[in-house]
Amino acid sequence: MHKKKIASVTLLATAALLTACGQNKGASSSKQVMKTAVTGEISTLDSSKYGDTISSETLQNSMEGLYRFDKKGQARLAGAVKVTKSKDQKVYTFTLRKNAKWSNGDPVTAQDYVIAWRRTVDPKNDSLDSDSYQVIKNGTDIVAGKKKVSSLGIKALGKYKLQVTLENPIQYLPDLLTGAQFYPQDTKIVKKYGSSYGTSSSKLVYNGPFTVSQWTGSNLEWTLKKNKTYWNAKSVSLSAVKVQVIKTTSTGLNLYKGGQLDYAPVDSDYVKQYEKNADYHTKTTPTNGYMVFNLKRKTTGNVHVRRAISLGVNKQELVKTVLHSGKAAQGFVASDFIYDENGKDYRTSAGKLMTYNLKQAQKEWALAKKQLGKSKITIELLTSDMDASKRVGEYLQSNLMENLPGLTVKLRSIPLKSRLADTSKHNFDMVYGTWQPSFQDPIDYLTIGGLFNLESDYKNSTFWKEINQAKSTYATQPAKRQASLIAAEKQLIQKDAFAAPLYQAGVSYLLKSKVTGFRLSPYGTVAYYWDVKIK
């Protein structure tokens with residue numbers, strides 16, 4: 001959970017700074033070498049311990065798990081060539097590809113998955129992504145220290161045969177297993193380096209399209225090199241990707257214009273300047289911008305206050321005048337991201353929840369003031385002190401005070417670490433942040449979703465009944481499962497207004513026209529290089 005919370009509040013600032021790439025004659029003497037940039041440092045290359053976007057991007061380009069996203073954003077078998085499911089859909093048996101090798105020549109075996117997954121759930125490693133293992137048998141109890149690591153639902157049935165057992169059947173397992181936290185690790189190398197595994201590019205080996213070199217553990221430049229031992233190396237055109245850390249948009253734009261970079265990120269301050277440029281690209285992501293309310297405080301504990309605020313923000317104006325990319329939210333679960341077995345968008349089926357409605361917002365506000373016995377109400381909005389977050393906070397402040405008579409919104413912008421701590425300690429009225437999903441299923445939004453204090457504070461029995469039915473009773477009945485999830489979202493967002501959806505974030509960047517095959521992940525946060533080719 002910790003990692004997702006961090007991602008949620010930092011994404012607005014970083015989403016527009018994600019990697020895109022291109023090539024020109026001034027950028028490299030080799031046609032198939034890209035020069036690109038990221039906005040922060042690698043924290044670790046240990047897939048059991050990472051918790052940030054930059055490390056994730058590096059791992060996803062240099063490692064490979066059982067599944068990988070294809071060009072259409074669908075999870076397809078990668079490190080495995082075959083999978084079978086038990087009748088109850090709780091036991092998956094994977095046949096691994098025998099031609100998959102580590103960059104040191106070792107074969108990728110079932111035991112490499114076992115050791116990696118056990119390291120991730122081991123409480124001693126304090127993994128930031130161990131919550132992803134709740135769906136694996138005994139995962140929750142192991143992370144809590146209640147069961148042995150060896151009881152995790154993963155077993156090597158042979159050198160190339162892997163068995164995975166779930167707590168309950170889930171539809172989204174392929175999407176989930178594309179994540180870096182489910183990658184294998186070369187058993188020999190893990191034992192060789194111990195606690196220093198993944199602390200530099202030389203202290204691990206790679207089984208993906210690229211290898212990582214020249215990362216010492218703290219430096220600001222490194223290289224992705226084509227992995228000659230990768231089973232599908234013939235499909236990789238780039239010989240190398242030169243990566244450097246560039247933390248300010250203006251610096252990146254200047255380097256791009258000077259031919260020293262093959263791409264430039266474009267954040268909200270620069271969109272108007274570059275949106276008509278032929279190299280400009282923008283993409284709406286499934287990342288939420290939202291507010292959560294403190295149910296323990298008298299004012300924000302009032303449902304009419306929460307509904308008034310949720311309905312009273314002009315979300316389209318926020319996107320148009322402040323963000324300049326993305327789109328207004330239609331609900332808490334993103335649109336154009338999750339589809340049913342008939343190809344219908346979940347958001348279309350669930351409908352529009354808590355979109356801007358000034359007339360209804362003011363009715364709810366009048367009820368709130370009557371119940372609270374006040375004509376004037378003051379509410380504090382907590383944000384991080386990053387510029388992008390403060391800009392959104394300032395818009396919310398002015399827009400709500402204009403739309404809800406008698407409301408005073410006070411802004412408190414503090415460092416991210418402090419904001420997270422205050423949120424967890426209930427030291428807020430309402431808090432703004434962003435959140436990126438981990439897999440393509442509504443339940444990720446509705447039970448994690450950056451929803452601070454959901455389990456401890458939100459006791460609505462209808463909501464939890466619907467969630468539990470979706471997880472268990474209807475796990476293998478897609479139509480009924482979706483109906484339960486829709487009912488849960490309506491209860492949480494429309495009826496009780498536990499959180500207020502604001503927008504779906506966007507990413508914008510400049511990309512050289514000579515580049516083909518560049519993609520962002522389905523979540524919009526990670527750059528994929530293995531299909532890139534320089535014309």
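Computed from a predicted model, the values in this text were never measured in an experiment.

Rules used in this analysis
Residues numbered from 1 in each chain as written. Predicted model: local features only at pLDDT ≥ 70, side-chain atom pairs only at ≥ 80, totals over all residues. Heavy atoms only, no water. UniProt positions renumbered as here; feature names shortened; annotations may be inferred. Helix = DSSP H or I, 4+ residues; strand = E, 2+ residues; numbered from the N terminus. Core = buried A, V, L, I, M, F, W, Y, C linked by side-chain atoms within 4.5 Å. Buried < 20%, exposed > 50% of the residue type's maximum accessible area, 1.4 Å probe, protein only. Axes fitted to C-alpha atoms, helices over the stretch in contact; angles between N-to-C directions. Parallel < 35°, antiparallel > 145°, perpendicular 65-115°, else oblique. Left-handed = near helix turned anticlockwise from the far one by under 90°. Contact = heavy atoms within 4.5 Å. Nonpolar A, V, L, I, M, F, W, Y, C, P; charged D, E, K, R; others polar. Phe/Tyr/Trp six-rings, centres within 6.5 Å; stacked < 30°, edge-to-face > 60°. Polar contact = N/O pair within 3.5 Å; in protein donor to acceptor, adjacent residues only side chain to side chain. Pairing = 2+ DSSP bridges. 1 Å grid on protein atoms, 1.4 Å probe; cavity = no way out; pocket = protein on both sides within 12 Å on 5 of 7 lines; lining within 4 Å. Points joined across faces, edges and corners; volume = space filled by probe spheres on them. Salt bridge = Lys/Arg side-chain N within 4 Å of Asp/Glu carboxyl O.

1. Some thoughts on the UniProt feature "domain: Solute-binding protein family" (unreviewed entry) in the protein chain
Alright, step 1. Following the UniProt record, one finds the feature "domain: Solute-binding protein family" (unreviewed entry) at residues 82-447.
Alright, step 2. For the annotated span residues 82-447, helix accounts for 31% and strand for 21% of the residues, and the straight-line distance between the end C-alpha atoms is 31 Å.

2. What about the nonpolar core?
Alright, step 1. Judged by nonpolar contacts, the single largest core of 146 residues is most densely connected at L66, F94, W117 and M291.
Alright, step 2. Counting residues per element, this core draws most heavily on strand β17 (residues 499-511), which supplies eight residues.
Alright, step 3. Counting eight residues, the second-largest nonpolar core is a separate cluster that includes A264, V271, Y280 and L510.

3. Quick word on the packing of helix α17 (residues 461-473) against helix α18 (residues 478-495)
Alright, step 1. Where α17 contacts α18, the two axes come as close as 8 Å, and the packing angle between them is 155°. By the angle between their directions, the pair α17 and α18 is classed as roughly antiparallel. Relative to α18, α17 is oriented so that their crossing is left-handed. Contact residues: α17 offers T462, F463, E466, I467, Q469 and A470, while α18 offers R481, S484, L485, A487, A488, Q491 and L492.
Alright, step 2. Along the lines of polarity and charge, the residues of the contact of α17 with α18 split into seven nonpolar, four polar and two charged.

4. Description of unusual backbone geometry
Alright, step 1. The phi dihedral of D336 is positive, around 55°, even though this residue is not glycine.
Alright, step 2. Tracing the backbone shows D336 in the loop between β13 (327-328) and α11 (346-350).
Alright, step 3. Positive phi, close to 50°, is recorded for A497, a residue that is not glycine.
Alright, step 4. Within the element layout of this structure, A497 appears in the loop between α18 and β17.

5. Points about the packing of aromatic side chains
Alright, step 1. Summed over all chains, the structure comprises 17 aromatic pairs.
Alright, step 2. Here the aromatic rings of F69 and Y523 are separated by 6.0 Å at their centres, their planes lie at 75°, and the arrangement is edge-to-face. Note that F69 is positioned in strand β2 (residues 67-69) and Y523 in the loop between β19 (519-520) and β20 (527-528), a separation of 454 residues in sequence. Considered together, F69 and Y523 belong to a single accessibility category, that of buried residues.

6. Regarding α17
Alright, step 1. Three or more residues of α17 are buried, namely F463, W464, E466, I467, Q469 and A470.
Alright, step 2. Along its buried surface, α17 packs onto α15 (442-447), α16 (454-457) and α18.
Alright, step 3. Measuring from the backbone nitrogen of T462 back to the side-chain oxygen at the start of α17 gives 3.0 Å, which picks out N460 as the cap.

7. A short note on the sheet that holds strand β5 (residues 91-96)
Alright, step 1. Sheet architecture is open: four strands sit in the order β4-β5-β7-β6, paired in antiparallel fashion. Edge positions in the sheet fall to β4 (80-85) and β6 (154-158), since each of these pairs with one other strand and no more. In this sheet, neighbouring strand axes are inclined to one another by 25° on average, regardless of whether the strands run parallel or antiparallel.
Alright, step 2. Here β5 pairs with strand β7 (residues 161-165) via five bridges, running antiparallel. In the sheet register, T93 faces β7, and the bridge partner there is Q163.
Alright, step 3. Relative to β6, helix α3 (residues 110-121) is tilted by about 165°, and along the sheet it contacts β5, β6 and β7.

8. A word on the sheet that holds strand β1 (residues 33-38)
Alright, step 1. Spatial ordering of the open sheet is given by β1-β10-β9-β8, a layout of four strands whose pairing is mixed. In this open sheet, the two edge strands, each paired with only one partner strand, are β1 and β8 (210-213). Averaged over all neighbouring strand pairs, the angle between strand axes comes to 25°, with direction disregarded.
Alright, step 2. As defined by bridge partners, strand β9 (residues 221-226) adjoins strand β10 (residues 240-245) across five bridges and the pair is classed as antiparallel. Paired with W222 across the bridge in β10 is V243.

9. Details of the layout of surface pockets
With a probe scaled to a water molecule rolled over the atoms, the places where space remains empty come into view.
Alright, step 1. Counted as a void, the second largest pocket has a volume near 890 Å³.
Alright, step 2. As for the second largest pocket, its lining consists of 40 residues, of which D175, F337, I338, Y339 and Q440 are closest to the centre.
Alright, step 3. Every element with two or more residues in the lining of the second largest pocket is listed here: β3 (75-77), α5 (173-176), β12 (280-293), α18 and β19.
Alright, step 4. A per-element tally of the lining of the second largest pocket places α18 first, with five residues.

10. Section: the pattern of salt bridges
Alright, step 1. Within this structure, the stated rule accounts for 17 salt bridges.
Alright, step 2. The partner of K188 in a salt bridge is D106, and the shortest N-O contact between them spans 3.7 Å. Residue K188 is found in helix α6 (residues 187-193), and its partner D106 is found in the loop between β5 and α3; the two are separated by 82 residues along the sequence.
Alright, step 3. Residue K188 is classed as exposed on the basis of its relative accessible area, which comes to 58%.
Alright, step 4. Relative accessible area serves as the criterion here: at 14%, D106 is assigned to the buried category.
Alright, step 5. Where R412 meets E380, a salt bridge forms, and the shortest distance between an N and an O atom there is 3.1 Å. In this pair, R412 sits in strand β15 (residues 407-414) while E380 sits in strand β14 (residues 377-384), placing the two residues 32 residues apart along the sequence.
Alright, step 6. Residue classification places E380 among the partly exposed positions, given a relative accessible area of 21%.
Alright, step 7. Among the ionic contacts, a cluster of salt bridges with common partners joins E380, R412 and D422.

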